[in-house]
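One letter stands for each residue in the lines below.
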Amino acid sequence: MQIFQSASLLSAYLHHPHQQKHQIGFVPTMGALHAGHLSLLQEAKKKSNKTVVSIFINPTQFTDAKDFLHYPQHTHRDIEALLQAEVDVLFLPQASEIYPQNYRAKKYELGNIEHIFEGEIRPQHFQGVCQVLDILFSLIQPHEVFMGQKDAQQCLVVKRLIKSQNFSMRLHICEIYREENGLAMSSRNERLDTIDRQRAGILYECLKDLAENKKHFDEKKQQWIAYFQKENISVDYLSLVDAHSLEKPTITTEKKIILIAARLGGVRLIDNIECK
Ligand code: AMP
């Protein structure tokens with residue numbers, strides 16, 4: 001595995017005439033890798049022959065300074081996991097490599113989607129996501145990009161970014177990888193203590209129950225909210241929406257999704273389920 005910290009050296013390597021035949025599959029991450037990330041890598045390896053992973057904790061997408069400061073970092077462990085997974089290239093930049101002094105932030109037109117759910121609770125979050133991905137996509141010029149359905153709203157935002165910036169890559173959205181109790185894997189899960197990590201499986205139970213009973217969504221939702229209150233789990237949102245717009249479903253809605261964000265044990269968790 002080749003490890004690059006320098007953007008210009010990475011670019012020179014990837015776009016060297018000898019590399020032109022390669023189909024680049026790119027998996028952007030913030031590190032603290034878990035089996036969910038590795039499942040993305042596996043997809044990337046199936047669909048491309050040069051796998052590139054980035055590990056960069058992007059400061060511009062954090063609205064909470066404490067969350068940024070406490071974001072888990074396990075660089076050595078991550079490198080071991082990437083070696084095991086036989087990844088070809090790891091890009092591990094410092095912030096100054098991504099945002100040099102002369103960097104001027106662009107404003108991305110994302111529509112209402114950047115202001116609802118995660119965007120309402122974390123203003124500017126999706127602008128920050130677009131900033132870093134615009135830079136990484138331009139630098140790496142991947143043919144295929146692999147991201148997780150766990151961050152459903154992020155996937156929709158990235159689709160818009162790809163379209164608006166005329167990137168030619170294909171975006172593959174990979175299914176949510178879960179712990180044994182159903183909790184969606186996340187780097188933040190390691191901040192939960194053992195009891196809360198076990199308890200957190202209830203979010204998926206809730207999503208499955210609501211998806212099975214979507215005709216009685218409002219009534220069931222109230223029951224779940226009351227239950228969560230009792231369990232000291234505070235819900236930021238729990239909504240049944242159109243899977244493409246994340247707006248209220250209409251008669252033209254083809255696919256629906258239930259989104260949840262909740263805090264327990266001081267950790268904010270997000271998850272979702274598609275409704276048939
Ligand atoms: P992150 O490191 O949290 O920025 O995540 C990097 C990529 O991994 C994103 O595309 C996430 O959606 C994806 N991802 C995170 N958790 C999971 C999971 N449990 N299953 C599948 N993909 C995931």
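Above this text is the structure in question.
Bear in mind the structure is a predicted one, so any value in this text is a computation, not a measurement.

### Examining the packing of aromatic side chains
The way to describe two aromatic rings as a pair is by their centre distance and the angle between their planes.
In step 1: Per the stated rule, a full pass over the model turns up 11 aromatic pairs.
In step 2: With a centroid separation of 5.2 Å and an interplanar angle of 40 degrees, the aromatic rings of F4 and Y13 are classed as tilted.
In step 3: In textbook terms, an aromatic cluster arises when at least three aromatic residues are bridged by ring pairs, as seen for F26, F137 and F167.
In step 4: Residue placement shows R178 over the ring face of Y204; its charged tip is 3.6 Å from the ring centre.

### Topic: the pairing of strand 8 (residues 256-264)
In step 1: Here strand 8 lies mainly inside the structure; 7 of its 9 residues are buried.
In step 2: As paired strands, strand 7 (residues 234-242) and strand 8 are joined by 8 bridges and run antiparallel to one another. Within the sheet, the bridge partner assigned to L238 lies in strand 8 and is I260.
In step 3: Summarising the sheet, strand 8 and strand 9 (residues 267-275) pair through 9 bridges and their orientation is antiparallel. Each residue of the ladder has a partner; that of A262, found in strand 9, is L269.
In step 4: If you look at the hairpin formed by strand 8 and strand 9, you'll find 2 residues sitting between the two strands, and G265 has a positive phi there, around 55 degrees.

### Topic: the site of the ligand
In step 1: Taken together, 16 residues are adjacent to the ligand, and M30, H37, D151, Y177 and M185 come closest.
In step 2: H37 is positioned with one of its side-chain polar atoms (N or O) 2.9 Å from an oxygen atom of the ligand.
In step 3: Here a nitrogen atom of the ligand and a backbone polar atom of Y177 are 2.9 Å apart.
In step 4: Elements that contribute at least two residues to the shell around the ligand include exactly strand 2 (24-29), helix 2 (35-47) and strand 5 (144-148).
In step 5: Element by element, the count of residues in the shell around the ligand is highest for helix 2, at 3 residues.
In step 6: Residue composition of the shell around the ligand, by class: 8 nonpolar, 5 polar and 3 charged.

Analysis parameters
- Residues numbered from 1 in each chain as written.
- Predicted model: local features only at pLDDT ≥ 70, side-chain atom pairs only at ≥ 80, totals over all residues.
- Heavy atoms only, no water.
- Phe/Tyr/Trp six-rings, centres within 6.5 Å; stacked < 30°, edge-to-face > 60°.
- Lys NZ or Arg CZ within 6 Å of the ring centre and 35° of its normal.
- Buried < 20%, exposed > 50% of the residue type's maximum accessible area, 1.4 Å probe, protein only.
- Helix = DSSP H or I, 4+ residues; strand = E, 2+ residues; numbered from the N terminus.
- Pairing = 2+ DSSP bridges.
- Near = heavy atom within 4 Å.
- Polar contact = N/O pair within 3.5 Å; in protein donor to acceptor, adjacent residues only side chain to side chain.
- Nonpolar A, V, L, I, M, F, W, Y, C, P; charged D, E, K, R; others polar.

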